[in-house]
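# Fold and geometry: a report
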Amino acid sequence: MSNNDIHEMDSVSETDEMECDAVLGMIDEDVVYTQEFLPTYHSIAEGAAVTKAVLVEFNDKPDSLFFNDGVRRIDFILVYEDEDKKHFEKRSTFHHHKTRREYFEASLMKMGMELEATKSVIDEKLLFVKVHMPWDVLCTYAEVLHIKLPIQPNNLSSQPSPWRFFSCITKHFYPNEDLLTKEAEFFTAPFDKERLEHFHVKDKDAFFTASMRGRMAYYILSRAPYKVHGKIKKFGITKLLDGGVYKAAYPLHDGKFNTMSEEESCPNERFLLYKEWAHPKSFYKMQPLNHIRKYYGEKIGIYFAWLGFYTMMLAVAAAVGVGCFIYGYRTQETSTWSMEVCDPDIGGNIVMCPQCDRDCQYWRLNSTCESSKKLCIFDNFGTMVFAVFMSIWVTLFLEFWKRYQAELEYTWDTVEFLEQEEPARPEYEAKCTYERKNPITGVEEKVPYTAFGRCVRVSIGIWTVVFWILLILASIVAIIVYRLAAFFTFSAKLRTQDLKELEPLKEYVTPQMATSVTASIISVVVIMILNILYERVAIWITDFELPRTRTDYENSLTLKMFLFQFINYYSSCFYIAFAKGKAVGYPGRPVYLLGKYRNEECDPGGCLIELTTQLAIIMGGKAIWNNIQEVLLPWVKNLIFLYTRGPSDKAIPRWEQDYQLQPFSNLGLFREYLEMVIQFGFVTLFVVSFPLAPLLALVNNLCEIRVDAWKITTQFRRVVPEKAQDIGAWQPILHSVAIVAVATNAMIIAFTSDMIPRLVYYWSFSVYPYGDHHNNTMQGYINSSLSIFNISDFSNDSKPMKTPDNITTCRYRDFRYSPGHPRQYEYTIYYWHVIAAKMAFIIVVEHIVYLTKFILSYAIPDVSYAVREQIKREKYLTQVVLHETNLKLVTKRLKPVDDGTPKYTKVNLTWKEMEHGSSE
């Protein structure tokens, strides 16, 4: 194709261009680049000839991380399909792909980056563009991104480990130090190329780590233009990837994960991380966090640090929870009220009222013998102690995490990673068309919307979230309706046998249990489907709101997704805990939902066992589904890719091996956090009903750490490194869940379990003046907790169709006066005592726990004394080197000469001279 053809097509195909832009998702943006963001940017004149990347042959070095010259390191890889060998429906599409790619690559070279292209050895249509950042470009963008680099070795003595006396044992739980060597510690300062001599530069090639180079390269790629037309500039690798101009863009792994590289210059960090961290056999070892951060960046490092710390703290909670479970298991056979339920002379002679209208039958109380024994395992005094312990545990977890996070912030140089240091997202910069005066600096700046426009965007986002929350609530109501209908069916089917004969299976499968299990399974399926739908909606809303920085974007998305997930996952548990069985009336006057479905009743022992079942099924189903998504799908995709490619005897270069791996999603880490925070909610919000929840979470997390490590090391391309100071918006969410957990557990003990009524009976109603016993006892509790109903008082709509001849009354779970009493079917004094005790319990427990949490939060500082000293020392050295030293240099360089004018002389100062000069 000649140049004339191109110009002619440009002039006559404006409509095709607009259509292509619509297909590629590329909208014209009016962009003004500032020297602050891209100091090396120089626009290429419209219509000027563009420089193309040099095309070279593969040099048969599969493990090489360099250009063919063996000197220039590869910092990033771009992959595209050769337009000459690719079929397009429209000729204009071919033209737009090629011209945009060529202009983009020319822009990169104009900005100082060096490119080298190589054809694929497997697919002749693919080409790989290797990107290298020279030293000057690295220095420039290290200063733009405020990257902190070493200035002096850390001469502060570190505190000795309290476990050093047990090093002969503990060393087996740490990675092999001969392989993953400990790196020297340095004081660091934000890089300034004008003061390069003050930084600790031993080797220019190793001064900037691979993760730093990848981060800087991606920063430039995200802002390099691919089309300029007048004042209109289109830019960013993200748009080109979405439009299909490029197939992929990623930094390189430094070698294979399962074998050592033969290249001498290869650090083999991926292989070492796999061997000492990601391999399943290393599940018992501590994580090499500094090496993870060095290879993947701070954002990945802080996630694994948080996950490891959370898992370690779960070990303590799991131990106490198992102890509570064992206590309940050992006491189930000796529980007085459970023995009364199972006693043929007590529970066998108590006839219970039907729990649904017409078709349900009368049933014997001892039919729930096995479920009452299981209930004793979880509904005992040990669970009350465990609930208080977990409230304190979650406070200690969050406080000690803040201390540990502060230590990581200092070690990883993110202490002063402020919002103004984080660059704006390319998507935000692309929409900046309105001018406003910065309220802080007073300088005119461009923003993507006016105050009114922002209000409109936020309002639309809020109402969309509200709509989807209402949709979730509608699905919850549908499941509740299913529970009512299913309970009606199971009650009619499972209790049709003779009242005195119980089939073995039906001793375990009660109508309540069957309803709870099937409803829980349906809930899990509905939850997973809604999660997939809402994630896309939440991303669309957040994109529409257009947050400025990556951190703002993730925080906004985090709040939306967690709000949705909170309602989606926990609503069924809240229903069982606080709604089921609370408004059922009594057999003569039952309460109906939607005027049709009779409200569910709890077992005579309460709804706690159903809440336990719900938690176990949701936690288990969620873990299985997540592992299928995280492990099985990427593994199967990679196998399919290798199978379709077929065997090859050719040497495959490093960049092509990485291309065969799965891309790491921008929301990959977000999903990992969300999964763990939802689990944290299950462990804390409803733990009183399921003391084994911390143990299940511990086992899951031990696998989760290694699965995530294996996945990110072996199945995915190398993640683009990102800076992160902390876990972001997840921190306040965890604090909020911890506060709510105190109230939910107190209310579960008060309103869901049967513990308070039993305590009221034991201390007040088992002895005079309400009881006949001389000493406090639990004997007779079952009889006192079941009210009497005269079957002749049934309404025609609820009266059972079959009534045995020898039954005149039945029992139901409530505290009401018996038939014939002047206040029949009204609440008894026992009921009001129980209500008062429940309210008093909630108020006292909440105040005690909240006071304890406040004291612990105040007593444990967020930053340890040692870390504070190191931070002060580093700030002092930074001030000496980058500020006060300049004053001393000026005074020493200004030497008078004969004519009275100053003369500049270069002076080399030692560290001692600098520190001494700053103290004078």
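Residues numbered from 1 in each chain as written. Predicted model: local features only at pLDDT ≥ 70, side-chain atom pairs only at ≥ 80, totals over all residues. Heavy atoms only, no water.

## Thoughts on helix 27 (residues 829-859)
For the α-helix, the turn length of 3.6 residues means that residues three or four positions removed from each other point alike. Applied cut-off: Secondary structure elements are defined from DSSP: runs of H or I of at least 4 residues count as helices, runs of E of at least 2 residues count as strands, and each element is numbered from the N terminus. How far a helix is expected to stretch is found by multiplying one less than its residue total by 1.5 Å. Each residue's exposure class comes from its accessible area (1.4 Å probe, protein chains only) as a fraction of the maximum for that residue type: buried when under 20%, exposed when over 50%, partly exposed otherwise. Throughout, a residue-residue contact means that at least one pair of heavy atoms, one from each residue, lies within 4.5 Å.
For helix 27, with 31 residues, the first-to-last C-alpha span of 45 Å sits near the 45 Å given by 1.5 Å per residue. Among the residues of helix 27, those classed as buried are Tyr 830, Tyr 831, Val 834, Lys 838, Phe 841, Ile 842, Val 845, Glu 846, Val 849 and Lys 853. Where helix 27 is buried, its residues touch helix 14 (381-411), helix 24 (730-752), helix 25 (755-765) and helix 26 (781-785).

## Thoughts on the sheet that holds strand 1 (residues 54-56)
For the record, the criterion: Any two strands are treated as partners once DSSP identifies two or more bridges connecting them. Lines fitted to C-alpha atoms define the axes here, with helix axes fitted over just the stretch in contact, and angles between the N-to-C directions of these axes take values from 0 to 180 degrees.
Within the open sheet, the five strands sit side by side as 1-3-4-2-9. Their pairing is mixed. Strand pairing shows two members of the sheet lacking a second neighbour, strand 1 and strand 9 (248-250), which therefore form its edges. Pairwise comparison of adjacent strand axes, ignoring direction, gives a mean angle of 25 degrees for this sheet. Across three bridges, strand 1 lies against strand 3 (residues 114-119) in parallel orientation. Counted as the bridge partner of Leu 55 is Ala 117 from strand 3. In this fold helix 7 (residues 210-221) packs onto strand 2 (76-81) and strand 4 (126-132), with an angle of close to 45 degrees to the strand it touches most, strand 2.

## A few points about the side chain of Glu 105
Looking at where Glu 105 falls in the secondary structure, it is placed in helix 3 (residues 91-110). Overall, Glu 105 belongs to the buried group, its relative accessible area being 4%. Other than its neighbours up to four places away in sequence, Glu 105 contacts Ala 53, Tyr 80, Leu 115, Val 129 and Tyr 246.

## Details of the packing of aromatic side chains
What counts is decided by this rule: Each pair of aromatic rings taken from Phe, Tyr and Trp, with Trp reduced to its six-membered ring, is defined by centres within 6.5 Å and is described as stacked if the planes are under 30 degrees apart, edge-to-face if over 60, and tilted in the remaining cases. Geometrically, a lysine NZ or arginine CZ counts as sitting over a ring once it is within 6 Å of the ring centre and also within 35 degrees of the ring normal.
Enumeration according to the criterion identifies 61 aromatic pairs in this entry. Between the aromatic rings of Trp 135 and Phe 207, the centroid separation amounts to 6.1 Å while the plane-to-plane angle is 50 degrees, which identifies the pairing as tilted. A residue pair is termed long-range when its members are at least 10 positions apart, and Trp 135 in helix 4 (residues 135-144) and Phe 207 in helix 6 (residues 204-207) qualify at 72 residues. Comparing Trp 135 with Phe 207, the two get one shared label, buried. The ring of Tyr 80 carries the charged tip of Arg 101 above its face, separated from the ring centre by 3.9 Å. Its guanidinium or amino end placed over the ring of Phe 544, Arg 457 lies 5.1 Å from that ring's centre, counting from NZ or CZ.

## Overview of empty space enclosed by the protein
Convention followed: We place a 1 Å grid over just the protein atoms. Points where a 1.4 Å probe fits but has no way out form a cavity, open points with protein on both sides within 12 Å along at least 5 of 7 lines form a pocket, and any residue with an atom within 4 Å of a point lines it. Grid points are joined across faces, edges and corners, and a volume is the space filled by probe spheres set on the points. Any residue that is not Ala, Val, Leu, Ile, Met, Phe, Trp, Tyr, Cys, Pro, Asp, Glu, Lys or Arg is counted as polar, Gly included; the first ten are nonpolar and the last four charged.
Across all of its chains, the model carries 11 cavities of 30 Å³ or more by this definition. By volume, the largest cavity is sized at about 130 Å³. If you go around the largest cavity, you meet 14 residues; those closest to its centre are Ile 476, Ile 479, Ser 523, Ser 571 and Ser 572. Of all the elements in the fold, those that place two or more residues in the lining of the largest cavity are helix 16 (451-494), helix 18 (511-545) and helix 19 (550-578). Per-class residue counts for the lining of the largest cavity are seven nonpolar, six polar and one charged.

It is worth stressing that arrangement in space is one thing and function is another; only the former is reported here.
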